[in-house]
Amino acid sequence: MPPSPSRLFAEIATAEPPAETRVVMRRAVVLGGSMAGLLAARVLSDHAEEVLIIERDPSDVDAGPRPGVPQGSQVHALLPAGQVQLERWFPGIADEALALGAPPPPRDPGTAKVFVNGMLGLPPAATGTGPALITTRPFLEALVRRRTLAIDNIRMVYGRAEGLLFDERRVNGARYVPEGGTEPVVEAADLVVDAMGRSSRLSDWLAEHEWPRPPLHRMPIKLNYATALFKRDELVSDAWVAVFHTMAGKGRTARIGGINSVEGAAGSCWWPATTGTAPAATSPTSPPVAGSTTRRCSVTSPNTGRCSAGWSPTTRRTADAATSTSSTACPPGWSPPVTRSRPSTRCTARA
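## Let's talk about the pairing of strand 2 (residues 48-55)
With 7 of 8 residues buried, strand 2 lies mostly within the body of the structure. Where strand 1 (residues 25-31) and strand 2 come together, 6 bridges link them in parallel fashion. The partner of Val 29 across the bridge, within strand 2, is Leu 52. Note that the unit made of strand 1, helix 2 (residues 35-44) and strand 2 has a crossover that is right-handed. With 5 bridges joining them, strand 2 and strand 7 (residues 154-166) adopt parallel strand pairing. Note on strand 7: the bridge partner recorded for Ile 53 is Met 156.

And the structure:
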């Protein structure tokens, strides 16, 4: 009997370094150099002779938010599970981030202040997973990219993915147009990973070759935000993080905002709001938040002028033969799963 999804997740989400690094393929191609693409390439580097990442954006990740990156200018706080996995695949990455300027968590938990309805509450409990990383997205992404591309059998090329290559039974490569070029380049692969996020055209590519489109689920996120970076001034406040949370109630609208220390000498002010009360992305000279948070931000030194607003809907494509019993769940020339006491999800070749 195959393991349950929860047991399988527990097995692959362990904090232990990978014990088996058996090479089982010649080449893997990853479409998209996102955080997901970089981590996929790192995992595959243990099992492929070569891993090729095809990334559309050639801009320097150290230069600020890249086009197409969701919440690229927003502060990023790693949850314990995420940090555990980064340490698993890139040992010492948290210490490296701290050495490069990421703010270390304070020894005094009282410097993490949480206000609820204007009242100071208890500081958050320690996670026990080591120093919590709170940085900007470009800082974290640049660090992960450097660690990924330092692995001998991983390389990155820049260009726009244009499609997949198929044989009769499987995907066997990808096609892309190099940055600045016009002629497509074909890359053979034993495995192709789609890490292009919302801009992915995987559904169209599958349909072009008469494979079923994965069901598309769109989940609106009725949340907007504005954020900006400011130079920190410890004479104003020594708080490592301050969060202001207003609970919904009579005469109150639910809101949350805050100030975080990030890498270097910067601090990030952020203020989300639900649809209908969206904060505007303001000019570089005024912080995009309101109330007591504004007063705390505005007394610091001039900000960097990086502001943004809006949170796009999340889309999810689910490719699973078990979700359908029609013949369209299998490629052309193949039969749908046979229903048994435990349904099969494997397509079988027709005679």
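Picking up after the structure, the text goes on.
## As for the environment of Thr 14
Relative to the helices and strands, Thr 14 resides in the loop between helix 1 (5-12) and strand 1. Thr 14 sits in the partly exposed class, given a relative accessible area of 26%. In the structure, Thr 14 is positioned 71 residues away from Gln 85 in sequence and 8.0 Å away in space, judged by C-alpha atoms. Residues within four places of Thr 14 in sequence aside, it is in contact with Gln 85 and Arg 88. Side-chain polar atoms of Thr 14 contact the backbone nitrogen of Glu 16, separated by 3.1 Å.

## Structural notes on the nonpolar core
For soluble globular proteins, the rule of thumb is that nonpolar side chains tend to be buried together. Among the nonpolar cores identified, the biggest contains 27 residues, and Val 30, Val 51, Ile 53, Leu 86, Phe 90 and Val 144 are the most heavily contacted of them. Sorting the residues of this core by element identifies strand 1, helix 2, strand 2, helix 3 (80-89), helix 4 (93-99), helix 5 (137-149) and strand 7 as the ones contributing at least two each. Among the elements that make up this core, the one with the highest residue count is helix 2 (5 residues). Leaving out residues up to four positions away in the same chain, Ile 53 has contacts with Val 30, Gly 32, Gly 33, Leu 38, Ala 41, Thr 148, Leu 149, Ile 154, Arg 155, Met 156 and Val 157. Listed in part, the 14 residues of the second largest apolar core include Leu 31, Ile 54, Tyr 176 and Leu 206.

## Some points on the side chain of Arg 27
Relative to the elements of secondary structure, Arg 27 occurs in strand 1. On the basis of relative accessible area, Arg 27 is assigned to the buried category, the value being 10%. Among the polar contacts made by the side chain of Arg 27, one reaches the side chain of Glu 50 at a distance of 3.2 Å. Within the local environment of Arg 27, its side chain forms a polar contact with the backbone oxygen of Ala 188, the two atoms lying 3.3 Å apart. Sequence-distant contacts of Arg 27, defined by excluding residues within four places in its chain, comprise Glu 50, Arg 155, Glu 187, Ala 188, Ala 189, Asp 190 and Leu 191.

## Quick word on the environment of Val 23
Here Val 23 is to be found in the loop between helix 1 and strand 1. Sequence spacing of Val 23 and Glu 49 is 26 residues, and the spatial spacing of their C-alpha atoms is 6.7 Å. Leaving out residues up to four positions away in the same chain, Val 23 has contacts with Asp 46, His 47, Ala 48 and Glu 49.

## Focus: the packing of helix 2 against helix 5
Packed helices, taken two at a time, are described by the angle between their axes plus the distance between the axes. In the contact formed by helix 2 and helix 5, the axes pass within 10 Å of each other and the chain directions differ by 20°. Taken together, the axis directions place helix 2 and helix 5 in an arrangement best described as roughly parallel. The two elements helix 2 and helix 5 meet at a crossing, and its hand is left-handed. Contacts between helix 2 and helix 5 involve Met 35, Leu 38, Leu 39 and Ala 41 from the first element and Arg 137, Leu 140, Glu 141, Val 144, Arg 145 and Thr 148 from the second. For the contact of helix 2 with helix 5, the residue count by class is 6 nonpolar, 1 polar and 3 charged.

## Notes on unusual backbone geometry
Positive phi values are uncommon outside glycine, yet Asn 117 reaches one of about 50°. Among the secondary structure elements, Asn 117 is positioned in the loop between strand 4 (112-116) and strand 5 (119-120). On the accessibility criterion, Asn 117 (34% relative accessible area) is partly exposed. Backbone geometry places Glu 210, a non-glycine residue, at a positive phi of 65°. Looking at the secondary structure, you find Glu 210 in the loop between helix 6 (202-208) and strand 11 (216-219).

## Section: the confidence of the model for the protein
Scored by pLDDT, the protein has a mean of 76; 72% of the residues are at 70 or more. Low pLDDT, under 50, characterises residues 321-333; the stretch is placed with 24 contacts to residues that sit more than four places away or in other chains. pLDDT under 50 marks residues 335-351. Its contacts with residues more than four places away, or in other chains, come to 28 contacts.

Calculation rules
Residues numbered from 1 in each chain as written. Predicted model: local features only at pLDDT ≥ 70, side-chain atom pairs only at ≥ 80, totals over all residues. Heavy atoms only, no water. Buried < 20%, exposed > 50% of the residue type's maximum accessible area, 1.4 Å probe, protein only. Helix = DSSP H or I, 4+ residues; strand = E, 2+ residues; numbered from the N terminus. Pairing = 2+ DSSP bridges. Right-handed = clockwise from strand over helix to strand, strands pointing away. Contact = heavy atoms within 4.5 Å. Polar contact = N/O pair within 3.5 Å; in protein donor to acceptor, adjacent residues only side chain to side chain. Core = buried A, V, L, I, M, F, W, Y, C linked by side-chain atoms within 4.5 Å. Axes fitted to C-alpha atoms, helices over the stretch in contact; angles between N-to-C directions. Parallel < 35°, antiparallel > 145°, perpendicular 65-115°, else oblique. Left-handed = near helix turned anticlockwise from the far one by under 90°. Nonpolar A, V, L, I, M, F, W, Y, C, P; charged D, E, K, R; others polar. pLDDT = per-residue confidence, 0-100.

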